[in-house]
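A look at the structure
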Amino acid sequence: MPQNIAAMAARLQRDVPHAEGSVDDALIAVTSLTASVVMARRATGVPASTGQGTILRLVEAQMALMKVSGSILRAHGELAEIAQETAGYDLRECPASAGTDIVPLSSAA
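Reading the values: rules and limits
Residues numbered from 1 in each chain as written. Predicted model: local features only at pLDDT ≥ 70, side-chain atom pairs only at ≥ 80, totals over all residues. Heavy atoms only, no water. Helix = DSSP H or I, 4+ residues; strand = E, 2+ residues; numbered from the N terminus. Buried < 20%, exposed > 50% of the residue type's maximum accessible area, 1.4 Å probe, protein only. Contact = heavy atoms within 4.5 Å. Areas by Shrake-Rupley, 256 points an atom, 1.4 Å probe, with all protein chains shown as cover. Salt bridge = Lys/Arg side-chain N within 4 Å of Asp/Glu carboxyl O. pLDDT = per-residue confidence, 0-100. Patch = residues over 30% accessible without salt bridge, like charges linked within 9 Å, V, L, I, M, F, W, Y side chains within 5 Å. Polar contact = N/O pair within 3.5 Å; in protein donor to acceptor, adjacent residues only side chain to side chain.

1. Here we look at the overall build of the chain
Assigned secondary structure in the chain consists of three helices and zero strands. When the helices and strands of the chain are placed in sequence order, the string is α-α-α. For the chain, the proportion of its 109 residues judged to be buried stands at 17%. Considering only intrachain contacts with a sequence separation of at least 6, the fraction spanning at least 24 residues in the chain is 71%. About 8100 Å² of surface is accessible on the chain, with carbon and sulfur atoms providing 62% of the total.

This is the structure we're talking about:
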């Protein structure tokens, strides 16, 4: 059983940060799309009302992604508590983000 718990813990240590990073990637993509739509509207000189519904839907998508992000973060905390209770892990801090393709915000501009 301990090997099974170790394998499950290793999978979770990989999957949780990956899920968090994937939501961040989706948020970046939707934010970029929103900015592109607004810039296109401005560049074409159409009235401010043109595309307003589209922009609103994109902003709603951003908010939905933020809710998803919060839920995943809460699940992350709960999983850490379960690990401590179930496997006796002493989790003072969670592992670093999975993968090396995550770009820090400071260098994304």
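2. Things to note about the pattern of salt bridges
Following the criterion strictly, the structure yields one salt bridge and no others. When the shortest N-O distance is used, the salt bridge between Asp15 and Arg14 registers 2.9 Å.

3. Observations concerning the confidence of the model for the chain
Mean pLDDT for the chain: 84, with 76% of residues reaching 70 or above. Looking at the elements of the chain, mean pLDDT is at its lowest for helix H3 (residues 105-108), recorded as 50, and at its highest for helix H2 (residues 52-87), recorded as 93.

4. Quick notes on the environment of Thr34
Tracing the backbone shows Thr34 in helix H1 (residues 2-44). The spacing of Thr34 and Val59 is 25 residues in sequence and 7.4 Å in space, taken between C-alpha atoms. Excluding anything up to four places from it in sequence, Thr34 contacts Ile55, Leu58, Val59 and Gln62.

5. Some thoughts on a nonpolar patch on the surface
Among the surface-exposed residues, Leu12, Leu79 and Ile82 lie close enough to one another that they form a single nonpolar patch of about 230 Å² accessible area. Position of Leu12 relative to the elements: it lies in helix H1.

6. A closer look at the side chain of Thr34
Taking relative accessible area as the criterion, Thr34 reaches 10% and is therefore assigned buried. A polar atom in the side chain of Thr34 sits 2.8 Å from the backbone oxygen of Val30.

7. Observations concerning the environment of Gly51
Relative to the helices and strands, Gly51 is located in the loop between H1 and H2. Counting along the chain gives 14 residues from Gly51 to Val37, while the straight-line C-alpha distance between them is 8.0 Å.

8. Focus: the environment of Ala26
Looking at where Ala26 falls in the secondary structure, it is placed in helix H1. For Ala26, a relative accessible area of 27% corresponds to the partly exposed category. In the structure, Ala26 is positioned 35 residues away from Ala61 in sequence and 9.8 Å away in space, judged by C-alpha atoms.

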